[in-house]
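Listed below are the residues making up each chain.
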Amino acid sequence: MECYCYWYQYGAYTPEGVCVDIGVSTRKALERFLTDGEPYAGSTDPFSAGNGSLSRLAPVVLFFSDDFETAIYFAGESSRTTHQAIEAIDACRYFAALLFGAINGESKEKLLTGLYSPVPGYWSDHPLTPSIEQIARGSYKNKPREQIASSGYVVHTLEAALWAFYRNDDFRSGLLEAVNLADDADSVGAVYGQLAGAYYGETSLPIEWILHLHEAQGFYHFAEDIMAAKSEVTD
């Protein structure tokens with residue numbers, strides 16, 4: 001939460017040193033943390049189920065990529081810092097399962113068939129809220145473009161990202177389709193990019209896109225830090 005506040009207040013980790021496009025739910029949570037120090041500061045209001053926590057999820061799963069149940073648990077906890085609406089938490093829990101499977105080499109067909117879990121019966125014991133379960137069962141697969149929303153509502157963002165991932169067979173084409181849904185394009189792209197990047201791998205990323213990233217080495221630095229920290233814990 002302190003790192004999030006550095007971003008919010010001082011533009012840390014940004015290209016131009018300015019916090020841009022912070023969501024309402026995230027801003028309110030950070031303001032609460034700055035006031036009373038409560039780290040689980042996200043609103044529980046069902047109408048606050050934004051996509052902020054879903055957009056930043058990948059590092060949690062990378063850190064716990066050897067332990068499915070721990071990864072899912074902390075995916076939910078990571079959401080609670082800024083988004084405690086049940087749909088936001090469960091979107092993170094389910095998406096963490098997909099990230100876990102992709103990192104560990106599952107096929108796309110297996111990832112997107114039913115309620116994916118490498119642990120039998122996991123979702124029966126830890127059920128998802130109905131709107132997220134519907135997506136997990138493939139509600140997006142037969143929808144045309146006109147029926148896919150891409151707003152800041154976490155249910156819309158999750159469905160849009162999975163729709164683009166399902167319909168395309170490479171990182172580039174899927175990302176272009178995801179962001180060209182418009183509306184909250186950056187968040188939909190961020191969610192798609194986490195899963196597609198984990199599934200297709202680093203070498204699938206268009207090199208010209210990487211070369212145009214501002215201080216691209218920073219992303220590699222942070223990723224290496226995460227993996228180093230993971231090794232220290234597991235060792």
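Nothing here was measured: the structure is a model prediction, and the numbers come from that model.

### Brief notes about the overall build of the protein
And then number 1: Summing up its helical and strand segments, the protein has 14 helices and zero strands in all.
And then number 2: Walking the protein from its N terminus toward its C terminus, one meets helices and strands in the order α-α-α-α-α-α-α-α-α-α-α-α-α-α.
And then number 3: Against the globule reference of 18 Å for 235 residues, the protein gives a C-alpha radius of gyration of 17 Å, in line with a compact fold.
And then number 4: In terms of principal-axis extent, the alpha carbons of the protein reach across some 45 × 45 × 40 Å.
And then number 5: By the burial criterion, 43% of the 235 residues in the protein qualify as buried.
And then number 6: Sequence-distant contacts, at least 24 apart, represent 67% of the contacts inside the protein between residues at least 6 apart.
And then number 7: Carbon and sulfur atoms provide 54% of the accessible area of the protein, an area that totals close to 12,100 Å².
And then number 8: Charge separation in the protein, taken as the distance between the mean sites of 15 positive and 32 negative side-chain charges, equals 7 Å.

### A look at the packing of helix α1 (residues 2-10) against helix α2 (residues 24-36)
And then number 1: Running from N to C, α1 and α2 cross one another at 115 degrees; their axes reach a closest spacing of 10 Å. With respect to their mutual orientation, α1 and α2 come out roughly perpendicular. Crossing of α1 against α2: the hand is left-handed. From α1, E2, Y4, C5, W7, Y8 and Q9 reach across to α2, where they touch T26, R27, L30, E31, F33 and L34.
And then number 2: Along the lines of polarity and charge, the residues of the contact of α1 with α2 split into seven nonpolar, two polar and three charged.

### A look at the pattern of salt bridges
And then number 1: Applying the stated criterion to the full structure yields nine salt bridges.
And then number 2: Measuring nitrogen to oxygen at the nearest pair gives 3.3 Å for the salt bridge that ties K230 to D66. Of this pair, K230 sits in helix α14 (residues 217-234) while D66 is found in the loop between α4 (58-63) and α5 (68-80), placing the two residues 164 residues apart along the sequence.
And then number 3: The class for K230 is buried, based on a relative accessible area of 9%.
And then number 4: Among the residues examined, D66 registers a relative accessible area of 60% and is labelled exposed.
And then number 5: Among the salt bridges present, the one from E177 reaches R167, with a minimum N-O distance of 2.8 Å.

### With respect to the domain arrangement of the protein
And then number 1: For the protein, the assigned domains read domain 1 (1-41) and domain 2 (42-234).
And then number 2: If you look at the interface, domain 1 gives 12 residues, while domain 2 gives 13 residues.
And then number 3: A combined buried area of about 980 Å² lies between domain 1 and domain 2, and 55% of that area is made up of carbon and sulfur atoms.
And then number 4: When the buried area of domain 1 at its contact with domain 2 is split by residue, Y4, S25 and Y40 rank highest and sum to 49% of it.
And then number 5: In this assembly, domain 1 and domain 2 are joined by zero salt bridges.
And then number 6: Examining the composition of the side of domain 1 that touches domain 2, we find that four residues originate from one element, α2, more than from any other.
And then number 7: Among the residues making up the side of domain 1 that touches domain 2, the classes are represented as nine nonpolar, two polar and one charged.

Cut-offs applied
Residues numbered from 1 in each chain as written. Predicted model: local features only at pLDDT ≥ 70, side-chain atom pairs only at ≥ 80, totals over all residues. Heavy atoms only, no water. Helix = DSSP H or I, 4+ residues; strand = E, 2+ residues; numbered from the N terminus. Rg over C-alpha atoms; globule rule 2.2 N^0.38 Å. Buried < 20%, exposed > 50% of the residue type's maximum accessible area, 1.4 Å probe, protein only. Contact = heavy atoms within 4.5 Å. Areas by Shrake-Rupley, 256 points an atom, 1.4 Å probe, with all protein chains shown as cover. Lys, Arg positive; Asp, Glu negative; His and termini not counted. Charge placed at Lys NZ, Arg CZ, Asp CG, Glu CD. Axes fitted to C-alpha atoms, helices over the stretch in contact; angles between N-to-C directions. Parallel < 35°, antiparallel > 145°, perpendicular 65-115°, else oblique. Left-handed = near helix turned anticlockwise from the far one by under 90°. Nonpolar A, V, L, I, M, F, W, Y, C, P; charged D, E, K, R; others polar. Salt bridge = Lys/Arg side-chain N within 4 Å of Asp/Glu carboxyl O. Domains from an automatic or database assignment. Buried area = accessible area lost by both parts, 1.4 Å probe.

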